[in-house]
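Chain by chain, the residues:
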2 protein chains.
Amino acid sequence: MSEVSLQAVKDYLLDLQDRICDALGAEDGAATFREDSWEREQGGGGRSRVLENGAVIEKGGVNFSHVFGEQLPPSATEARPELAGRSFQAMGVSLVIHPKNPYVPTSHANVRFFVAEKEGEAPVWWFGGGFDLTPYYGFEEDVVHWHQTAKVACQPFGKEIYPEFKTWCDDYFYLKHRNEPRGVGGLFFDDLNRFDFDTSFALMRSIGDAYVPAYQPILARRKDHEFGDRERQFQLYRRGRYVEFNLVYDRGTIFGLQSGGRTESILMSLPPLVRWDYDYHPEPNSAESELYHKFLIHREWV
Amino acid sequence: MSEVSLQAVKDYLLDLQDRICDALGAEDGAATFREDSWEREQGGGGRSRVLENGAVIEKGGVNFSHVFGEQLPPSATEARPELAGRSFQAMGVSLVIHPKNPYVPTSHANVRFFVAEKEGEAPVWWFGGGFDLTPYYGFEEDVVHWHQTAKVACQPFGKEIYPEFKTWCDDYFYLKHRNEPRGVGGLFFDDLNRFDFDTSFALMRSIGDAYVPAYQPILARRKDHEFGDRERQFQLYRRGRYVEFNLVYDRGTIFGLQSGGRTESILMSLPPLVRWDYDYHPEPNSAESELYHKFLIHREWV
C-alpha cells in the first residue's frame with residue numbers, strides 16, 4: 001500500500017480552492033470572493049471564501065476546512081459503528097454556487113478526506129466527494145455535458161466507477177418527503193478506500209479538477225439568458241428544496257454543525273433569497289412543469 | 001382515574017381550529033383561510049387551513065390532524081424507548097402565523113394528544129403543546145402580555161406549571177448552532193400525564209384557548225406600524241432562523257415527515273419569503289441589535 005500523506009491532500013485542496021475561485025470570479029466579472037479564516041476551539045479551522053451579489057453569482061461559497069478532534073461525531077460513524085470513539089482528522093473543499101439567472105443551474109461540489117486513528121491500531125482513512133447540478137429551467141445539452149465531464153473524470157479508474165457514483169448521487173440527493181430528486185445529479189462517493197492511497201487520492205483529484213470544466217461552460221452559456229419575474233419567482237420557489245435538503249438530509253451539513261464547525265461557513269450553502277408557497281403546482285405543459293417531467297426524474301444522461 | 005376520551009379531544013381540537021381561524025381571519029380583514037382535507041395512506045388524515053397574502057398575515061396555517069399507525073415513529077419514542085413498537089394515535093392542532101409587518105411577531109401554537117396501545121396492556125396517553133412568540137422588532141409590553149396570558153392559563157393547575165413550561169419552552173426553542181433562542185418563548189410541554197385525564201385535558205384546553213387572547217391584541221396593536229425596506233429585509237433575514245429551527249430541530253416537523261404526514265401541511269410553517277446573508281451582524285446600537293440584546297436572551301417576563 002502506498003503511503004498516506006495528509007500534507008499532500010491538504011496542499012491539493014488549498015490549491016483547488018484557489019483555482020475554483022479564480023475561474024468562477026473571472027466568469028462573474030464583477031465581484032470577487034471575500035476570505036474569512038477561522039479556527040475551531042476543539043482543533044483545526046478553515047478558509048472560507050464567499051461571493052455575494054455578483055453580476056452572475058448571486059451567492060457562492062467555496063470553503064476549505066481541516067478539523068480534528070478526539071471523537072468522530074455520530075454523523076460520521078452511523079454507517080461504521082466500529083470507528084466510534086476514534087480520534088479523527090477531516091479535510092475538504094465544499095462549494096455551492098447560486099447564480100442570479102434562473103436559466104443557470106445551481107451547482108455543488110465537495111471533495112474530502114478522513115483519517116480515524118486509535119493508538120496501537122492502523123489508521124483508517126477514506127475519501128469522499130462528488131458534484132451535482134440543480135437546474136430551474138433545464139437544458140438537455142447542459143446536463144449531458146455535466147455528466148459527460150463526470151464520466152470522463154472517472155474513466156481512468158475503471159468503467160464501473162461512473163455508473164456507480166452516478167447512482168449513488170441519485171440516491172443521496174433525494175428528498176424523500178417530496179418524492180423528488182434535488183436535481184439532475186452527477187457524482188457522489190463516500191468511504192472510498194478500495195484502491196491504495198495514491199490511486200484513491202488520484203480519483204478524488206480527478207473529480208475535484210473536473211468541476212470547473214463541468215460547470216463553467218454552462219455558466220458562460222446561460223448567464224445572459226433573458227428572464228422575467230415569472231422565472232425569478234420559480235427559481236426562488238425551487239431554491240426552497242435546496243434548503244430542505246441541506247437542513248434535513250445533508251450529512252455534510254449535519255457533520256459540520258455536530259462537530260462544532262463555523263456555522264456561517266456551513267450555512268453559506270443556503271440560497272440568498274427563497275420562497276415557500278403553499279401547495280404550488282406548475283401549470284400543465286409549462287416551462288416550469290418541464291423541469292419536473294424531463295429533468296427531475298431518474299435518467300441516464302450519457 | 002377519569003376515563004380517556006379520544007372523541008372529546010377531537011371535538012375540542014376541531015372547534016379550536018374553527019375559533020382560531022375565525023379570530024385571525026377577522027383580524028386580517030382581507031383574506032380567508034383556504035381548507036384542504038387530506039387522508040393518510042397508513043391511517044388518519046387532517047384538515048389544513050392556510051391563508052396567503054392577506055392584508056396582515058403574509059402566510060399562516062392552522063392545521064388539524066389525526067393520524068394513527070402500527071408503530072410509533074422514532075421521533076416519538078426517542079425519550080421513551082419502552083413505547084417502541086406500540087401502535088398509536090396522535091391528534092393535534094398546530095399553527096404558525098407569519099405576519100407581513102416586521103413589527104408584528106411571528107407566532108406558533110400547538111396542542112396535541114397521543115395514545116400508544118399494545119394488546120393486553122393499558123394504553124399509555126399523554127398531552128403536549130404550548131405557544132411561543134418570535135419578534136423581529138420587539139416591544140416589551142407585547143412580550144409581557146404574551147407571558148402574562150400564558151401564566152394565567154396555567155394558574156389553575158398549580159403555581160409551578162408556568163415556570164416549568166416557560167423554562168421548557170426556552171430550552172426547546174433554542175438554536176444550538178447559533179447559540180440563540182428562536183424568540184421570546186412562552187410555554188412548551190410534552191409527555192403530560194401527571195394529572196388524571198380530565199385535569200390534563202383541561203390544562204391542554206386552557207393553553208389552547210389562551211392563544212388567541214395572547215396573540216390577537218399584539219397583532220391588532222402593531223399591524224399598521226409603519227415600516228420600510230430596512231425593516232422588511234431584517235424580517236426576511238430573521239425568518240431564516242425559523243426555517244433552520246423547524247427543519248433541523250423541531251420534533252413536530254420531524255415526526256410529521258417520518259410518520260408520512262402531508263408534506264405541504266407540515267411545511268406550511270415555513271415563511272413565505274426568506275433571505276440568508278453570509279455573516280450578517282446588526283449595527284451596534286441599532287434597532288436590529290436591540291432584538292439580540294433585549295429579547296433573544298434568557299429573561300423572566302412576568
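Given the structure is predicted, the values throughout are model-derived calculations rather than measurements. (Residues numbered from 1 in each chain as written. Chains lettered and ligands numbered in written order. Predicted model: local features only at pLDDT ≥ 70, side-chain atom pairs only at ≥ 80, totals over all residues. Heavy atoms only, no water.)

J.: Would you mind showing me how to read the UniProt feature "active site" in chain A here?
T.: Residue and element names in this part refer to chain A. Annotation from UniProt places "active site" at His-108. In this structure, His-108 sits in strand 5 (residues 106-117). Given a relative accessible area of 14%, His-108 falls into the buried group. Aside from chain neighbours lying at most four places away, what touches His-108 is Ser-94, Leu-95, Val-96, Gly-130, Phe-131, Asp-132, Phe-173, Arg-182 and Tyr-242. A polar atom in the side chain of His-108 sits 2.8 Å from the side chain of Asp-132. (UniProt positions renumbered as here; feature names shortened; annotations may be inferred. Helix = DSSP H or I, 4+ residues; strand = E, 2+ residues; numbered from the N terminus. Buried < 20%, exposed > 50% of the residue type's maximum accessible area, 1.4 Å probe, protein only. Contact = heavy atoms within 4.5 Å. Polar contact = N/O pair within 3.5 Å; in protein donor to acceptor, adjacent residues only side chain to side chain.)

J.: Help me understand unusual backbone geometry in this model?
T.: Most of the time, phi is negative for any residue but glycine, and the peptide bond is trans. Residues and elements named next belong to chain B. Its identity is not glycine, yet Asn-53 carries a phi of approximately 55°, on the positive side. Along the polypeptide, Asn-53 turns up in the loop between strand 2 (44-52) and strand 3 (57-69). Given a relative accessible area of 65%, Asn-53 falls into the exposed group. One non-glycine residue, Asn-285, adopts positive backbone phi at about 65°. Tracing the sequence through the fold places Asn-285 in the loop between strand 10 (273-275) and helix 9 (287-295). What makes Asn-285 exposed here is its relative accessible area of 79%.

J.: How should I be thinking about the relation of the copies chain B and chain A in this particular structure?
T.: A rotation about some axis, followed by a shift along it, carries one copy of the chain onto the other. Laying chain B over chain A is done by rotating through 180° and shifting 0.0 Å along the axis; what remains is an RMSD of 0.0 Å. In the structure described here, the two chain copies are related by an operation that fits a two-fold rotation axis. For chain B, the minimum C-alpha distance to the rotation axis belongs to B:Val274 and amounts to 2.6 Å. An overlap of 100% is found between the interface residues of chain B and their copies at the interface of chain A, pointing to a shared contact surface. (Least-squares fit on C-alpha atoms with pLDDT ≥ 70 in both.)

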